[in-house]
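What follows is the residue order along each chain.
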Amino acid sequence: MKIAVMGASGLLGSAVCRECLARGHKLLAYANRSWEEPKKKYGVSSLPMEKFDPVMREFFDQWPDAVVNCAAISSPDMVDKNPDYARLINVEAARQLAEVSAHLGARHLQVSTDMVFDGTSSPYRSTDQTNPLSEYGLQKLEAEKQVLATTDINLVVLRITLLNGNSPRGDRSPHERILSALAKGEEPTLFTDEWRQTSSAENVAQLIVELIERPNLNGLFHWAGADTITRHELGRRILQRFGFKEERLGTSTLAQSQERVGDRPGKLTFELAPLVSKVKTQPATIDQQLEEMHLPLALYSWYRENVDDPTCYNPRF
Ligand SMILES: NC(=O)c1ccc[n+]([C@@H]2O[C@H](COP(=O)([O-])OP(=O)(O)OC[C@H]3O[C@@H](n4cnc5c(N)ncnc54)[C@H](OP(=O)(O)O)[C@@H]3O)[C@@H](O)[C@H]2O)c1
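Predicted, not measured: the structure shown is a model, and the values here were computed from it. (Residues numbered from 1 in each chain as written. Predicted model: local features only at pLDDT ≥ 70, side-chain atom pairs only at ≥ 80, totals over all residues. Heavy atoms only, no water.)

As for the overall build of the protein chain
Looking only at helices and strands, the protein chain features 12 helices and 14 strands. Taken over the C-alpha trace, the protein chain has a radius of gyration of 19 Å; the compact-globule value for 317 residues is 20 Å, and the two agree within 12%. A principal-axis box enclosing the C-alpha atoms of the protein chain has dimensions of 55 × 45 × 40 Å. Within the protein chain, contacts between residues separated by at least 24 positions form 77% of all contacts whose residues are at least 6 apart in sequence. (Helix = DSSP H or I, 4+ residues; strand = E, 2+ residues; numbered from the N terminus. Rg over C-alpha atoms; globule rule 2.2 N^0.38 Å. Contact = heavy atoms within 4.5 Å.)

Below, the structure is given as structure tokens:
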């Protein structure tokens, strides 16, 4: 298949690109700006989505068989800083992209988030009542509704949870953020009452390409990892993997930090039925997710000089 991936320079989009190529598909990879690292690997083209005419022209020229939309203003803080711009990408462009796919007869997959829920009634099923607490969650929910309204065939909206993994810029996933904070001499503070059913970009990418290859699975689905863990425990396991002492991590609770972090869902976990029994891809365990984590290249010199126990992890690039 000829698969177009939007957001190809991001944490998830880059993993989807790798998976498309590994499964022998032809790849069209797009991002906002062009990035050296992914460009070398998958030929990422710059195709900003806020002005949609060039996107439409490109798609009518290329006529892909499938479109995976991983492009988003994906950080709730960035959405709060510029909600109108974020809406253009997270909602308007997402809808227009789904409309173009429907017009081309291309299979379409829109990525969404567990942040459409308020975290009070986990585990959530895809039919459960939504109640986003953030502007980011609101925009992603609106996108889901508009994308699902474009057509009822050849379309998937996939809600996913917090992602581990290795991003092309080495600054996006939990372990990359924690290690970057340590490198800056900071003490990352993580919450002991913020529960997430984390998955990995690699695992979700496998599922996404499987869903693209399976035209009989359509509609709104949930996907997550096999285990539930607090942000603090995840941070502790990350420090352990990379050979740092636990004392480097600060501990707090969401309940104590409401003023600083605003309303954030306490517990977000998913009911994975019915999807999990219909696909070959299986949810990744925390151990598998930790195993896939690598040191960002930019942190190598700092790491060599500062790691507490160098026998725990052997850097690979
Ligand atoms: N990461 C998570 O933990 C998580 C959890 C749940 C759901 N999700 C969802 O998963 C999807 C992928 O997230 P991610 O973490 O991989 O995101 P990410 O790493 O922040 O990547 C975002 C991608 O969107 C592109 N993009 C941003 N603005 C754009 C614009 N104006 N025009 C075209 N492309 C633009 C970026 O391109 P540039 O690099 O060129 O700016 C980048 O390729 C999103 O829908 C997100 O909501 C993520």
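Quick word on the environment of Ser46
Its location among the elements puts Ser46 in strand S3 (residues 45-46). Considered as a pair, Ser46 and Ala8 are 38 residues apart in the sequence and their alpha carbons are 9.8 Å apart. Polar contacts involving the side chain of Ser46 include one to the main-chain carbonyl oxygen of Asn32, which spans 2.6 Å. (Polar contact = N/O pair within 3.5 Å; in protein donor to acceptor, adjacent residues only side chain to side chain.)

Observations regarding the domain arrangement of the protein chain
By convention, interface size is frequently given as the accessible area that disappears when the constituent parts associate. As assigned here, the protein chain comprises domain 1 (2-169 + 199-222) and domain 2 (174-193 + 227-267 + 285-306). A separation of 26 Å is found between the C-alpha centroids of domain 1 and domain 2. Domain 1 puts 16 residues into the contact, and the matching count from domain 2 is 14 residues. Between domain 1 and domain 2 the total buried area reaches about 1,300 Å² when both faces are included, carbon and sulfur atoms providing 51% of it. For the interface between domain 1 and domain 2, the tally reads 0 salt bridges. Connecting domain 1 to domain 2 are 8 residue pairs in polar contact (both at pLDDT 80 or more). Broken down by secondary-structure element, the contributors of at least two residues to the side of domain 1 that touches domain 2 are strand S7 (163-164) and strand S10 (199-200). Of the residues that constitute the side of domain 1 that touches domain 2, the class distribution is 6 nonpolar, 8 polar and 2 charged. (Domains from an automatic or database assignment. Buried area = accessible area lost by both parts, 1.4 Å probe. Salt bridge = Lys/Arg side-chain N within 4 Å of Asp/Glu carboxyl O. Nonpolar A, V, L, I, M, F, W, Y, C, P; charged D, E, K, R; others polar.)

Examining the sheet that holds strand S2 (residues 26-31)
Judged by pairing direction, the sheet is parallel, and its 7 strands sit side by side in the order S3-S2-S1-S4-S5-S6-S11 without closing on themselves. Each end of this open sheet is capped by a strand with a single partner; those strands are S3 and strand S11 (219-222). Here S2 pairs with S3 via 2 bridges, running parallel. Its bridge partner being in S3, Ala31 is matched across the sheet by Ser46. Where helix H6 (residues 135-150) meets the sheet, its contacts fall on strand S5 (107-113), strand S6 (155-160) and S11, and the angle it forms with S5 comes to roughly 160°. (Pairing = 2+ DSSP bridges. Axes fitted to C-alpha atoms, helices over the stretch in contact; angles between N-to-C directions.)

Thoughts on unusual backbone geometry
Along the chain, Ser122 connects to Pro123 via a cis peptide bond; the corresponding omega equals 0°. Following the sequence through the fold, Pro123 ends up in the loop between S5 and H6. Put simply, Ala273 and Pro274 share a cis peptide bond, and its omega is 5°. Among the structural elements, Pro274 can be located in the loop between strand S14 (267-268) and helix H11 (286-292). The backbone phi angle of Trp63 is positive, close to 45°, even though this residue is not glycine.

Comments concerning the packing of helix H3 (residues 52-62) against helix H5 (residues 83-104)
Packing of H3 against H5 leaves a shortest axis separation of 11 Å and a crossing angle of 25°. Viewed along their axes, H3 and H5 adopt a mutual orientation that is roughly parallel. Considering only the axes of H3 and H5, their crossing is right-handed. Contact with H3, carried on its side by Phe52, Val55, Met56, Phe59 and Phe60, involves Ala93, Gln96, Leu97, Val100, His103 and Leu104 of H5 and no other residues of that element. For the contact of H3 with H5, the per-class residue count stands at 9 nonpolar, 2 polar and no charged. (Parallel < 35°, antiparallel > 145°, perpendicular 65-115°, else oblique. Left-handed = near helix turned anticlockwise from the far one by under 90°.)

Overview of the pairing of strand S1 (residues 2-6)
When you tally the buried positions in S1, you get 4 out of 5 residues, the bulk of the element. Alignment of S1 against S2, held across 5 bridges, turns out to be parallel. The residue of S2 that forms the bridge with Val5 is Ala29. A crossover connection joins S1 to the parallel S2 through helix H1 (residues 11-22); in handedness this β-α-β unit is right-handed. Pairing analysis gives 4 bridges linking S1 to strand S4 (residues 66-69), with the strands arranged parallel. Its bridge partner being in S4, Val5 is matched across the sheet by Val68. (Buried < 20%, exposed > 50% of the residue type's maximum accessible area, 1.4 Å probe, protein only. Right-handed = clockwise from strand over helix to strand, strands pointing away.)

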